[in-house]
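Residue-level listing of the chains:
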Amino acid sequence: MIFIIFYKNISTYFCNVKFNNYNYMMKKIKIVAGILALVVLVACQGDTKDQTIENIQDEVVETSVISQSVMDKGRTVYMQCLACHQANGEGIVGTFPPLANSDYMLADIDRTIKTIINGTKDPIMVNGTEYPGNTMTKFTHLSDEDIVAVATYVLNSWGNSGGVVTTEMVAANR
Ligand code: HEC
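Residues numbered from 1 in each chain as written. Predicted model: local features only at pLDDT ≥ 70, side-chain atom pairs only at ≥ 80, totals over all residues.

Trainee: How should unusual backbone geometry be read in this particular structure?
Mentor: Across residues other than glycine, the phi torsion is negative in most instances, and most of the peptide bonds are trans. We note that Asn-127 has phi near 50 degrees; this positive angle belongs to a residue other than glycine. The residue Asn-127 is located in the loop between strand 1 (123-126) and strand 2 (129-132) in this model. Residue Asn-127 is classed as partly exposed on the basis of its C-beta count, with 14 C-beta atoms lying within 10 Å. Phi angles above zero are rare outside glycine, and Trp-158 is one such case at about 55 degrees. Inspection of the secondary structure assignment puts Trp-158 in the loop between helix 7 (144-155) and helix 8 (167-172). (Helix = DSSP H or I, 4+ residues; strand = E, 2+ residues; numbered from the N terminus. Buried ≥ 20, exposed ≤ 12 C-beta atoms within 10 Å, placed from the backbone.)

Trainee: I'm lost on the nonpolar core in this one. Help?
Mentor: A general feature of soluble globular proteins is that nonpolar side chains tend to end up buried together. Counting residues in each nonpolar core, the largest one holds 17 residues, and the members touching the most others are Ile-147, Val-148, Val-150 and Ala-151. Among the secondary structure elements, those contributing two or more residues to this core are helix 3 (68-77), helix 6 (109-118) and helix 7. For this core, the leading source of residues is helix 7, giving eight residues. Ignoring any residue separated from it by four or fewer positions in sequence, one finds Val-148 in contact with Val-70, Val-165, Thr-166, Thr-167 and Val-170. (Core = buried A, V, L, I, M, F, W, Y, C linked by C-beta atoms within 7 Å. Contact = placed C-beta atoms within 7 Å.)

Everything listed is a geometric property; what it means functionally is a separate question.
The structure is reproduced here in structure tokens:
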């Protein structure tokens, strides 16, 4: 009998100790598991964002439709623009507006095509600087293909990613 009571006391003592430790351990495990789950979640989200087939296809389409030969042709046609807009597309602030990172140009492809074909005399605001309607040379004599090339070139050089220009778009803006 005494032995049994003794045994019970001892075992409750050990169980309590065990139980306390267990609670403490579980707390720690939960915290560590929580942090791990968070890290895995964040890592996986990053992965799925980069890896979805849709995104990969988007990238392929974007890089393949702007053809290198059109860009090369555009660089040649741009020889007729660089006296004003400069080889680096920075222009001369206040006189010849920049094409590199031009908020005005990148906002509207059709307007850009029209500007190249007809020139422009209207006062315009480019990257916060006003250009008071200096006459830009007309380029009506350029073929649709040349306009496509030079528009593609200026829209996609110097860090610009302004998209695709087609002969249909040029014809519609003549
Ligand atoms: C004689 C100088 C001159 C030449 C050459 C010239 N431009 Fe311009 N360009 C200007 C000026 C000046 C303006 C601003 C006109 C205004 O204030 O309305 C302008 C405006 C523009 C704009 C809109 C504003 C901007 O910076 O986003 C684009 C796009 C553009 N030019 C592209 C071209 C392209 C492409 C060529 C060559 C095919 C060309 N330009 C040739 C002087 C020139």
